[in-house]
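# Overview (structure and organization)
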Amino acid sequence: MVLPLLASASGGVAQEEIAIPDDPAPPCVIELMPAGPELGGGAVAALDDTWPSYVPEIELLPEGRIAMAESFSDRFFVASRDGSGGHWVGRGGEGPGEYSFVRWVMPAGERLHVFDPMLMRRTVLDATTFDVVHTNPLEPIQFLGDAQMLDDSSYVINGAIYTRDRAGYVLHLFNGEGEVVRSFDEIPVAIPGEEPIRGDRRLLAPARGGGVWSGWGSEYRLDLWDAASGTRRRSLVRNASWFRPHNGWGGEWHPDRPDNPVIADIMEDSEDRLWVLVLVASDRWSECWVREPPSVHPEAPEYTPRPGCPRFARRLEVLDPETGRVLAAQTLPPDLWLRRLTGGEAFSVVEDEFGFATVRQWRPALRPANDSQGEGQC
């Protein structure tokens, strides 16, 4: 359903809001086909530190390679898609090629852009040699959910800037010198210093024609932006009874209070379809907690996670932005820990008891749920 055109706050350009209803029988099913060998360091990694652990970020690089950023690490790992040539890039420090916390490693053309929220700095590397090409400080910003390169010299960061003219905006367009050119996507703020009334985290993905898709973490909402002008071109709002809008993950952990669902990643494919990865509380949520002994510390949790218990399920959906339809919606198997959608591909990550990651590579595709429907349905 397409709602009436709304006037945009920037330049009077029209935008449309599309409500996407639930479909109990979407026409397509999702297939994840292997796109490369399973990658991992095995027992050797635990001994000589040759493989990353606790990998929240994976990016496709030129020449058939991938980059993996560890949690709170001062370096990142690069390997070929076949697992060969693995090596670390970066080291601790504040000089060229040194980092405090590698949050994102993002390719753009023949360059890699490394964002460090601790040093508040962007480092530009040659994507082949990893030599430092350029560094620049960033205008002070609290990093939140994601960032997206637009070209070699401009990028969008989801974050908070606590100045009079930028407070309340959650997306910011930066130039090559690290200065904010424009802030957009404003959300209400109740009182300075308090959490916003609506969630402020966004997952970003490139869109056709140079646009940027922004997926809300706290609502099943996806906005298509023209970042250069700060104009919202289109909004997709998914009316799903199992995903009510909220303002975060939830309250204190408790077996009787499952966490709220969140959008975990988004991707536009070559057919202009949107792939959306959503984390939802699993059917086993109530089993996944250990009650802790009473503590004198007032902030000590009453319950902590039970190791190895699947608290969350991963739901993968494919949306058609043009027709406002759900093309496919599936809950993935418990052992398929899908973590990243990028460049038309998908990566799942499982960490062992030492935290060392095993990465599986997938190529997602759609096929008709009923063979008699024909390929045109998908």
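Here goes a summary of the coordinates provided. (Residues numbered from 1 in each chain as written. Predicted model: local features only at pLDDT ≥ 70, side-chain atom pairs only at ≥ 80, totals over all residues. Heavy atoms only, no water.)

Another aspect to go through is the pattern of salt bridges. Per the stated rule, a full pass over the model turns up 26 salt bridges. The partner of Arg-273 in a salt bridge is Asp-269, and the shortest N-O contact between them spans 2.8 Å. Each member of the pair, Arg-273 together with Asp-269, is buried. Overlapping salt bridges bring together Glu-16, Arg-208, Arg-234, Glu-268, Asp-272 and Glu-322 as one network. (Salt bridge = Lys/Arg side-chain N within 4 Å of Asp/Glu carboxyl O. Buried < 20%, exposed > 50% of the residue type's maximum accessible area, 1.4 Å probe, protein only.)

Mapping Arg-221 onto the fold places it in strand 21 (residues 221–226). Reaching out from Arg-221, the side chain makes a polar contact with the side chain of Glu-17 at a distance of 3.3 Å. Excluding anything up to four places from it in sequence, Arg-221 contacts Glu-17, Arg-198, Ser-214, Gly-215, Trp-216, Arg-232, Ser-235, Leu-236, Val-237 and Ile-263. (Helix = DSSP H or I, 4+ residues; strand = E, 2+ residues; numbered from the N terminus. Polar contact = N/O pair within 3.5 Å; in protein donor to acceptor, adjacent residues only side chain to side chain. Contact = heavy atoms within 4.5 Å.)

Another aspect to go through is the nonpolar core. Counting residues in each nonpolar core, the largest one holds 21 residues, and the members touching the most others are Trp-213, Tyr-220, Leu-222, Leu-236, Ile-266, Val-276 and Leu-319. Contributions of two or more residues to this core are made by strand 2 (14–21), strand 19 (202–206), strand 21, strand 23 (262–268), strand 24 (274–281) and strand 27 (312–320). Top contributing element to this core by residue count: strand 24, with four residues. The contact partners of Val-276, leaving out residues within four places of it in the chain, are Tyr-220, Leu-222, Ile-263, Asp-265, Ile-266, Arg-315, Leu-316, Glu-317 and Leu-319. Ile-30, Met-267, Leu-277 and Ala-346 belong to the second largest nonpolar core, which has 18 residues in total. (Core = buried A, V, L, I, M, F, W, Y, C linked by side-chain atoms within 4.5 Å.)

What follows is about the pairing of strand 11 (residues 104–108). The side chains of a regular strand alternate between the sheet's two faces. Extensive coverage of strand 11 is indicated by the burial of four of its five residues. By the bridge criterion, five bridges tie strand 11 to strand 12 (residues 111–116) in an arrangement that is antiparallel. When the sheet's bridge partners are listed, Met-106 is paired in strand 12 with His-113. Connecting strand 11 to the next strand, strand 12, in antiparallel fashion are two residues, including Gly-109 with a positive phi near 65 degrees. (Pairing = 2+ DSSP bridges.)

Per the counting criterion, the structure on display carries one disulfide. Here Cys-288 is linked by a disulfide to Cys-309, with a sulfur-sulfur distance of 1.9 Å. Its S-S torsion of about -60 degrees marks the bond between Cys-288 and Cys-309 as left-handed, since a negative value means left-handed. Within this pair, whereas Cys-288 is found in the loop between strand 24 and strand 25 (289–291), its partner Cys-309 is found in the loop between strand 26 (303–305) and strand 27, the two being separated by 21 residues in sequence. (Disulfide = S-S within 2.5 Å.)

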